[in-house]
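Each chain, letter by letter, is given below.
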Amino acid sequence: MKIVVIGGTGLIGSKLVNNLREHGHEALAASPKSGVNSVTGDGLANALKGASVVIDVTNSPSWEDTEVLKFFETSTRNLLAYEAAAGVGHHIALSVVGTERLIESGFFRAKLAQENLIKGSKNPYTIVRATQFFEFVKQIVDYSTEGDIVRMPPALIQPMAADDVASAVARIATNTPVNGTIEIGGPEQFRLDELARRFLAARQDPRKVISDPHGRYYGIEVSDTALVPDNNARLGETRFETWLTQSASQIPTALPQPTPVVAEVE
Ligand SMILES: NC(=O)c1ccc[n+]([C@@H]2O[C@H](COP(=O)([O-])OP(=O)(O)OC[C@H]3O[C@@H](n4cnc5c(N)ncnc54)[C@H](OP(=O)(O)O)[C@@H]3O)[C@@H](O)[C@H]2O)c1
């Protein structure tokens with residue numbers, strides 16, 4: 001089965017392409033780097049020839065309110081139109097759990113617009129809403145940092161590993177479209193402030209986390225349950241502690257050292 005991954009060079013996209021290939025599918029990693037642009041339409045008709053499924057895991061280069069909305073609206077309209085013309089039987093888009101509860105943020109308004117365009121189209125589809133990726137926790141913490149202080153709300157969060165996101169989306173891609181939304185999440189719930197503390201402690205980062213009910217998640221206030229999926233969510237297996245240990249071993253601890261000069265023995 002030919003599956004085109006739009007955004008196939010990104011964090012999720014590259015894992016997804018590998019996963020699909022490992023399962024014997026013809027997976028095409030499409031992105032501006034490979035000459036396929038969902039905003040301008042460049043390369044789309046060619047990339048979609050003979051495709052059964054298109055998975056949209058793009059992200060906007062700019063998260064400024066107007067730019068991000070323009071990105072997801074234009075990109076989604078183009079993808080749906082080119083897919084209809086090419087006879088693609090399944091459009092899958094990766095979105096975020098709780099999107100409609102987070103629309104104080106321009107980014108989430110754009111994701112909701114993306115979802116609504118898909119739901120209003122005639123294309124067979126599945127929207128996959130994922131919780132926050134473990135790989136994204138650093139960015140969440142950085143966003144709420146001032147000096148050495150991180151102000152975080154004690155809201156619930158159920159993050160998941162990007163690898164588990166990719167495997168869940170790959171499985172969905174080989175099934176029939178549900179014409180609805182599937183939620184996916186991590187195996188455990190945390191409080192956001194506690195998650196930030198664990199992350200910083202594991203990285204030996206001296207920043208101090210202050211629990212503050214008015215602290216912000218990505219610039220907006222969130223209710224206690226805004227970020228968590230409902231009880232029917234499909235759960236990934238990777239635990240946060242396991243990911244912390246595994247990912248720490250992949251972070252270079254120091255700058256590359258010069259290769260020691262070994263005297264040649266004659
Ligand atoms: N972060 C989270 O915790 C989270 C949680 C749930 C859902 N999501 C959603 O997951 C999706 C993927 O996130 P990610 O972190 O994997 O993204 P990412 O690493 O930033 O990758 C973005 C991808 O989009 C591609 N792209 C950008 N502009 C494009 C264009 N005009 N046409 C085609 N492709 C384009 C990029 O291609 P180039 O490499 O060529 O630039 C790249 O492959 C996003 O939609 C996000 O909303 C994220």
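Here the structure is a predicted model, which means the values were calculated and not measured.

## Regarding the overall build of the protein
Okay, so step 1: A count of helices and strands for the protein gives 8 helices and 12 strands.
Okay, so step 2: Relative to the 2.2 N^0.38 estimate, which gives 18 Å for 266 residues, the radius of gyration of the protein is 20 Å and therefore close to what a compact globule would have.
Okay, so step 3: Along the three orthogonal principal directions, the C-alpha set of the protein runs to about 70 × 55 × 35 Å.
Okay, so step 4: Scored against the burial criterion, the 266 residues of the protein give a buried share of 50%.
Okay, so step 5: Total accessible area computed for the protein in this model is approximately 13400 Å², and 51% of it derives from carbon and sulfur atoms.
Okay, so step 6: Distance between charge centres in the protein, computed from 25 positive and 31 negative side chains, equals 4 Å.

## Description of the site of the ligand
Okay, so step 1: Taken together, 28 residues surround the ligand, and among them T9, L11, S31, T58 and K111 come closest.
Okay, so step 2: In the model, a nitrogen atom of the ligand is placed 2.9 Å from a nitrogen or oxygen of the N37 side chain.
Okay, so step 3: The backbone of T58 places a nitrogen or oxygen atom 2.7 Å from an oxygen atom of the ligand.
Okay, so step 4: Taking 940 Å² as the accessible area of the ligand by itself, protein coverage stands at 84%.
Okay, so step 5: It is strand β4 (residues 90–96) that contributes the most residues to the shell around the ligand, 3 residues altogether.

## Topic: the sheet that holds strand β2 (residues 26–30)
Okay, so step 1: Strand order in the open sheet made by the 7 strands is β2-β1-β3-β4-β5-β9-β12, with parallel pairing throughout. Both outer strands of the open sheet, β2 and β12 (234–235), are each paired with one neighbouring strand and no more.
Okay, so step 2: The pairing of strand β1 (residues 2–6) with β2 spans 5 bridges and is parallel. By the bridge assignment for β2, V4 is matched with L28.
Okay, so step 3: Docked against the sheet, helix α3 (residues 65–86) engages β1, β3 (53–56) and β4, running at close to 160° with respect to β4.
Okay, so step 4: Sheet contacts for helix α6 (residues 162–173): β1, β3, β4, β5 (125–130), β9 (180–185) and β12; angle to β4, the most-contacted strand, approximately 155°.

## Remarks on the sheet that holds strand β7 (residues 149–152)
Okay, so step 1: The 3 strands are arranged β6-β7-β11 in an open sheet whose pairing can be described as mixed. In the strand order of this sheet, the two ends are held by β6 (145–146) and β11 (208–211), each with one partner.
Okay, so step 2: The pairing of β7 with β11 spans 4 bridges and is parallel. Across the sheet, the residue bridging to R151 is I210, located in β11.
Okay, so step 3: Helix α7 (residues 192–202) contacts β7 and β11 of the sheet and is inclined by roughly 170° relative to β11.

Calculation notes
Residues numbered from 1 in each chain as written. Predicted model: local features only at pLDDT ≥ 70, side-chain atom pairs only at ≥ 80, totals over all residues. Heavy atoms only, no water. Helix = DSSP H or I, 4+ residues; strand = E, 2+ residues; numbered from the N terminus. Rg over C-alpha atoms; globule rule 2.2 N^0.38 Å. Buried < 20%, exposed > 50% of the residue type's maximum accessible area, 1.4 Å probe, protein only. Areas by Shrake-Rupley, 256 points an atom, 1.4 Å probe, with all protein chains shown as cover. Lys, Arg positive; Asp, Glu negative; His and termini not counted. Charge placed at Lys NZ, Arg CZ, Asp CG, Glu CD. Near = heavy atom within 4 Å. Polar contact = N/O pair within 3.5 Å; in protein donor to acceptor, adjacent residues only side chain to side chain. Pairing = 2+ DSSP bridges. Contact = heavy atoms within 4.5 Å. Axes fitted to C-alpha atoms, helices over the stretch in contact; angles between N-to-C directions.

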